[in-house]
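Listed below are the residues making up each chain.
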Amino acid sequence: SGPETVSPTGRPTGAAQADMAQGGEYLTTAQGARLYDTDHSLKAGARGPVLLQDHHLREKITHFDHERIPERVVHARGAAAHGVFKGYGTAAKVTKAAFLAKDVETPVFTRFSTVLGSRGSSDTVRDTRGFATKFYTAEGTFDLVGNNIPVFFIQDAVKFPDIIHAGKPHPDREIPQAQSAHDTFWDFVTLHTEATHHTLWNMSDRGIPRSYRMMEGFGVHTFRLVNAEGATTLVKFHWKPRLGVHSLVWEEAQLVNGMDPDFHRRDLADAIEAGAYPQWELGIQTFPDTPDQTFEGIDLLDPTNIVPEELAPVRPVGLLTLNANPSNFFAETEQVAFHPGHLVPGIDITDDPLLSGRLFSYLDTQISRLGGPNFAQIPINRTHAPVNDMHRDGMHQTAVHTGVAPYRPNSLDGGCPFLAGADTGAYIEVPREVPAAKKVREAPASFSDHFSQPRLFWLSMSPVEREHIIAAYTFELGKCYEQSIKERGLKVLANIDPELCEQVAMGLGLPAPAATVSLTTPAPSPALSQLGQTWPLD
Ligand code: HEM
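What counts and what doesn't
Numbering of residues begins from 1 in every chain and follows the order in which that chain's sequence is written. In keeping with the model being predicted, local features are shown solely for residues with a pLDDT of at least 70 and side-chain atom pairs are shown and tallied solely at 80 or more, while totals for entire chains, interfaces and linings include all residues. The criterion for a residue being near a molecule or strand is simple: its C-beta atom, placed using the backbone, must lie within 6 Å of it. Helix and strand assignments follow DSSP, with helices taken as H or I runs no shorter than four residues and strands as E runs no shorter than two, numbered in order from the N terminus. When residues are sorted by character, Ala, Val, Leu, Ile, Met, Phe, Trp, Tyr, Cys and Pro go into the nonpolar class, Asp, Glu, Lys and Arg into the charged class, and all the rest, Gly among them, into the polar class. The burial criterion counts other C-beta atoms lying within 10 Å of a residue's C-beta, which is placed from the backbone; the residue is buried at 20 or more, exposed at 12 or fewer, and partly exposed between these limits. One requirement defines pairing of two strands: DSSP has to find at least two bridges between them. By definition, pLDDT measures how confident the predictor is in each residue, and it falls between 0 and 100. For every residue pair, C-beta atoms are placed from the backbone, and the pair is scored as a contact if these atoms sit within 7 Å. UniProt positions are given in the numbering used here, feature names are shortened, and annotations may be inferred rather than shown by experiment. Lines are fitted to the C-alpha atoms to define the axes, a helix being fitted only along its stretch in contact, and any angle between axes, read from their N-to-C directions, falls within 0 to 180 degrees. Roughly parallel means an angle under 35 degrees; roughly antiparallel, over 145; roughly perpendicular, 65 to 115; everything else is oblique. Crossing handedness is read from the near helix: turned anticlockwise from the far helix by less than a right angle, it gives a left-handed crossing, and turned clockwise, a right-handed one. Throughout, the arc means the angular range of directions from the helix axis out to the C-beta atoms.

Here we take up the site of the ligand. Surveying the vicinity of the ligand reveals 28 residues, the closest of which are His75, Arg111, Gly130, Phe160 and Ser361. Looking at the shell around the ligand, the elements that each hand over two or more residues are β2 (105-114), β3 (129-137), β4 (140-147) and α9 (353-369). A class-by-class count of the residues in the shell around the ligand yields 14 nonpolar, ten polar and four charged.

To continue, consider the pairing of strand β1 (residues 78-87). In terms of residue burial, β1 counts as a mostly covered element, since seven of its ten residues are buried. As judged from the nine bridges shared by β1 and β2, these two strands associate in the antiparallel manner. Paired with phenylalanine 85 across the bridge in β2 is threonine 106. The pairing of β1 with strand β11 (residues 315-324) spans six bridges and is antiparallel. Bridge pairing in β11 places glycine 87 opposite glycine 318.

This paragraph deals with the confidence of the model for the protein. Mean pLDDT over the protein: 92, with 92% of residues reaching 70 or higher. Within the model, pLDDT remains below 50 along residues 1-16, and this stretch shows 24 contacts once partners closer than five positions in the same chain are excluded. In the predicted complex, the global pTM is 0.93; the interface-specific ipTM is 0.93.

UniProt records the feature "binding site: heme" (unreviewed entry) for Arg72, Arg111, Phe160, Arg358, Tyr362 and Arg369 in the present numbering. Position of arginine 72 relative to the elements: it lies in the loop between α2 (55-65) and β1. For arginine 72, a count of 20 C-beta atoms within 10 Å translates into the label buried. Counting through the fold element by element, arginine 369 comes out in helix α9.

With that out of the way, let us pick up the packing of helix α11 (residues 463-478) against helix α13 (residues 498-508). Contact pair α11 / α13: the axes reach a minimum separation of 9 Å and the direction vectors enclose 45°. With respect to each other, α11 and α13 are oriented oblique. Here α11 runs over α13; the crossing is right-handed. Contact residues: Ile469, Ile470, Tyr473, Thr474, Leu477 and Gly478 in α11; Leu500, Gln503, Val504, Gly507 and Leu508 in α13.

It is the contact of helix α4 (residues 183-191) with helix α12 (residues 483-494), at a shortest axis distance of 9 Å, that shows an interaxial angle of 40°. Judged by the inter-axis angle, α4 sits oblique to α12. Of the two possible hands of crossing, α4 and α12 adopt the one that is left-handed. Along its contact with α4, which presents Asp183, Trp186, Asp187 and Thr190, the element α12 presents Ile485, Arg488, Gly489 and Val492.

Let us look at the environment of threonine 383. Tracing the backbone through its elements, the reader meets threonine 383 in the loop between α9 and α10 (452-459). The exposure class of threonine 383 is partly exposed, given the 17 C-beta atoms found within 10 Å. As for threonine 383 and lysine 479, which are separated by 96 residues in sequence, their C-alpha atoms are 46 Å apart. Each residue touching threonine 383, except ones within four places of it in the same chain, is listed here: Tyr136, Gly140 and Thr141.

Here the focus is unusual backbone geometry. Going from isoleucine 175 to proline 176, the amide bond is cis rather than trans, its omega being -10°. Of note in the backbone geometry, histidine 396 takes a positive phi value of approximately 60° without being a glycine. Here histidine 396 lies in the loop between α9 and α10.

What follows is about helix α7 (residues 263-273). Where α7 is concerned, the buried positions are His264, Leu268 and Ile272. Buried positions in α7, seen along its axis, are confined to an arc of 60° and lie on one side of it. Residues of α7 that are exposed and point over 90 degrees away from its buried face: Asp270 and Glu273. In the core, the buried residues of α7 are packed alongside β1 and β11. Glycine 275 sits one or two residues past α7 and shows a positive phi near 85°.

Shown next as structure tokens:
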């Protein structure tokens, strides 16, 4: 079902209201007064001064002066598409989320993005890509706000402004525009070794995707599923592209960068226009919701960790098809507002400290980016479920609320007595024990292994993929002005793998340091017969 077109007051809303902005056969002012000329200012004589009383001139220029809104503080450059998500029904035993039920179709809007570049930057830079999907479900909006890399640079949201300040252009020269080949980025990631895993993925071919249509997506954090009986399961979300995962090689990325900075944006729009609709399967890795929230020794609350698919297979639960381009980039792609806290019954959060900070950050930034607290009323952000909230007024309020008592229960408006807890279809947070604990500002000891998963990634690479990684580190670290940062970069690489470190050191003309941690080989995968244990659906 699409957005409603008539509000309870009889006023047009959503699409109908958008059409109003361009209806009728005459050109008008914003107030609907017909214009006989929009090409000449009102003047005292053909060669005389322009008159301040020219309302059309002032209205037109004033509106133009305010056309730009702040770009997103991160993920500013993006491209998006509409589509549909169809549930397979295979997750019914682990979650009651209605949009995952068999054959349920849910309208969606997906925005892909780079992270560091500004709105006008290039598509094919080496960077992480955002992969954010808004599901307009019958139970309210669910946003899966993920990336094309399954791990993150930091483990605690309090470090997010720091990593972004380090990754964005240097404040003095505003260089570089859109990538990580510079001193502050490498300074940060070599001083904060929890960033090693994400950085290694960036330096691999995953950092330069061939197309948005050929990227995986990851929810990154561990979430919690809840089924109809209230039983919980921990989960990681994955998007698997039907076209497979493909990357550019570095030289291609450079050439494309110059020849078509809109390469990914164009590729997505052209494919959809040609009817070659990109598709992804949504998959889940599930883990028992044990009190320690670990799986096979991996801390599930640490967003720098993956869980290898050999240990927990990704099981498909639905299919995403992107089948329509936005008709207006600003109205849709620019104004869409995702939030990892937009959840539906059956999906809940965990205590991953990075996720906790995100739950605060998105709404906060969108209040300033989208001009106040009412951006949920912008057509692209409007839920497809009925809304009956008690939010009132504020900048850019377009709803005409009725009644006098925006509080519940009340004895004046009637009709909605609201008995707390009476609605069994409501979103209910999973009650979970919080162990009695001392208030601390510290990371758990289980967040301190920064090298064995990067090593696992490196060891899983083919020889040609390793060559690409070596070339990427050599190029990127080579762009640093500070010798000490290059040297520290090599120390980090020594803790991943001696060959990687030696090759990059050779490229930089520096000595290769020795590892300072013991290079453990990751545990062997369990026998295939054990894999089904993590999937309660079979
Ligand atoms: C935007 C993903 C961590 C703050 C985005 C977007 C994506 C994303 C995909 C773009 C949304 C769009 O297309 O409009 C992620 C992932 C993270 C992560 C996967 C870690 C696993 C964080 C953290 C913070 C943060 C820790 C802050 C504490 C923001 C902000 C925006 C943003 C402020 C801009 C939102 C807007 O203006 O609409 N993020 N992010 N992110 N992210 Fe994150």
